[in-house]
Structures are given as C-alpha cells and as structure tokens.
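# An overview of the molecular structure
Here are the chains, one letter per residue:
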Amino acid sequence: MIQLHDIHKSFGELEVLKGVSLQVSRGEVVAIVGASGAGKTTLLQIMGTLSRPDRGSLIIDGCNPLTLGDKSLSQFRNARIGFVFQFHHLLPEFTAFENVCIPGLIGRRQRAEVERHAAELLEMMGLSHRRDHKPKQLSGGEQQRVAIARALINSPKVLLADEPSGNLDTRNKEEIHRLFFELRDKLGQTTVIVTHDEGLAAMADRRIVMSDGLIL
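As a starting point, this report considers the structure included with it. The model shown is predicted, which means the values in this text are computed figures rather than measured ones. (Residues numbered from 1 in each chain as written. Predicted model: local features only at pLDDT ≥ 70, side-chain atom pairs only at ≥ 80, totals over all residues. Heavy atoms only, no water.)

## Thoughts on the overall build of the protein chain
Selection criterion: Secondary structure follows DSSP: runs of H or I at least 4 residues long count as helices, runs of E at least 2 residues long count as strands, and numbering of each begins at the N terminus. Put simply, the radius of gyration uses C-alpha atoms, and a globule should come to 2.2 Å times the residue count raised to 0.38. Each residue is placed in one exposure class: buried if its accessible area under a 1.4 Å probe, protein chains only, is under 20% of its type's maximum, exposed if it is over 50%, and partly exposed if it falls in between. We call two residues in contact whenever any of their non-hydrogen atoms come within 4.5 Å of each other. Asp and Glu count as negative and Lys and Arg as positive, but His and the ends of the chain are not part of the count. Where a charge lies is defined by one atom per residue type: Lys uses NZ, Arg uses CZ, Asp uses CG and Glu uses CD.
Assigned secondary structure in the protein chain consists of seven helices and nine strands. On C-alpha atoms alone, the protein chain measures out to a radius of gyration of 17 Å, which is about the 17 Å that the 2.2 N^0.38 rule sets for 216 residues. Across its three principal axes, the protein chain shows a C-alpha extent of roughly 50 × 40 × 30 Å. Expressed as a percentage of the 216 residues in the protein chain, the buried residues total 49%. Here the contacts in the protein chain between residues at least 6 apart in sequence split such that 70% fall between residues at least 24 apart. For the protein chain, the distance from the average site of its 27 positive side-chain charges to the average site of its 26 negative ones is 4 Å.

Okay, structure coming up:
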C-alpha cells in the first residue's frame, strides 16, 4: 500500500531524514517510535503528501503523488489519505455530524451518500447519540473519535495518525488504541501511527524504531 525508498529531507542545514526506506502492506497497522527529533513526524508528513522529500520516491496504492500538481495532489490527499492528529482540529461552529461530513462534501460527493456514511461511522464510534453536539460539548475522547470518523469519511486507502492518544487520559487512550485495531479488522484499514506510547506500539503488527533520521 505504501512504498518509500531512500527518502531524504532537510530544513536548512538540518538533515532530518537521511535515506529512509519503508514498505507498509495493505491492512497492516504499523507504529513508528523513537525519541523526539528522530524524524517520525516528518516521515509521516511525507507519507501524507503534506511535505515533499528533497529526494527519494513515494508510491501510495500504486500512484506516485510526487508527480502531481497542487490541485491534483489536494484531490488525491482528500480521497486516499485520512489524518488523525494529537489535537483533533474539529471546527467548533459545526456539530460532530457536520464535522465528519465536511471532507466528503469537499470531495464533491453526493450529500445523501456522505450523510449516510457519516451516520454509519458515528455509530461505529459509539457516538450516534452525540451527533448533534458541538465539539465543546464533547469529552476529549469523544472529540478524537469524531476526528477519526472524519478521517474515514472518504474511505481512505491509508490512515495516518500522529500521537493520536497523546492528549487523552488513560481510559480514553485505551479506547482509541482499541479502535485502530477494530478498524483494521472491520474495514481492512491500512494505518501508520507515530507514537511515544509503547503500549500502543506493542499492539501494532509492526513496531518501527527511528533514530537520528534513520530506521534502526
């Protein structure tokens, strides 16, 4: 599903990635761990086409997104990649249901189809009874589950998560961790998670350790 080969990335004089190669299989849950500054988030951003490498190749589901122009790349990202961040980034003026629908509507899908799928996802997240609540009315764990539903609304090929439980208490953290593996089992979802949580990393199909811009 994901193939990276010899990825290099520098910011000014600082070389953050020093030739990273990695393959992620369809339906696999991979955790990337390592100390702060190891290059984990930079690698995830390149996988998500939010940042371009200085050199190296990236293939996602058979497509090379590095050859796409800005408009086509945005469409590719919206359709094929879902993002979950440490902070949920829900839009405060919209309900949970509306937040989940937004990427589908941006993708110009039929409203009825998007709304049906959003309702199904919120039910999967155990949030059907909270669909009309705005983010400030939801707990941290509920907000993160809404964010995961939003990431899944376009049935992405790849789900990328950056410290998805880093801002949660123990109970909510455990619920979010279990959810990623339920998504694998129910949807066959390919997922890459950057985390400092060794408990989550131990649950993954593979644990990748990064240090100083390289995979150990």
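## A few points about the packing of aromatic side chains
To keep it simple, the criterion reads: Pairs were defined over the aromatic rings of Phe, Tyr and Trp, the Trp ring being its six-membered one, requiring ring centres within 6.5 Å. Orientation was assigned from the angle between planes: stacked under 30 degrees, edge-to-face over 60, tilted for the rest. Charge-over-ring placement is defined geometrically: NZ (Lys) or CZ (Arg) within 6 Å of the ring centre, and within 35 degrees of the ring normal.
Taken as a whole, this structure holds one aromatic pair when the rule is applied. With 6.0 Å between their ring centres and 0° between their planes, Phe 83 and Phe 85 make a pair best called stacked. For Phe 83, a relative accessible area of 18% gives the class buried. Positioned above the aromatic ring of Phe 97, the side-chain terminus of Arg 131 is 3.8 Å from the ring centre.

## Some remarks on helix 1 (residues 40–47)
Counted residue by residue, helix 1 has six buried out of eight residues, so it is predominantly covered. Remark: Thr 49 follows helix 1 within two positions and exhibits a positive phi of approximately 60°.

## Quick word on the pattern of salt bridges
A side chain of one charge can pair with a side chain of the opposite charge when the charged atoms of the two come close. To keep it simple, the criterion reads: By definition, a salt bridge exists where a carboxyl oxygen of Asp or Glu is found within 4 Å of a side-chain nitrogen of Lys or Arg.
For the coordinates displayed, the defined rule picks out twelve salt bridges. Residue Glu 120 pairs with Arg 116 through a salt bridge whose shortest N-O separation is 2.9 Å. Residue Glu 120 and its partner Arg 116 are both found in helix 4 (residues 111–124); the two are separated by four residues, about one turn of the helix. Given the relative accessible area of 39%, Glu 120 is considered partly exposed. Residue classification places Arg 116 among the partly exposed residues on the basis of a relative accessible area of 45%. Note that Arg 184 and Asp 205 form a salt bridge whose closest N and O atoms lie 2.7 Å from each other. Remark: Asp 205 occurs in the loop between helix 7 (198–203) and strand 8 (206–211) and Arg 184 occurs in helix 6 (residues 170–187); sequence separation between them is 21 residues.

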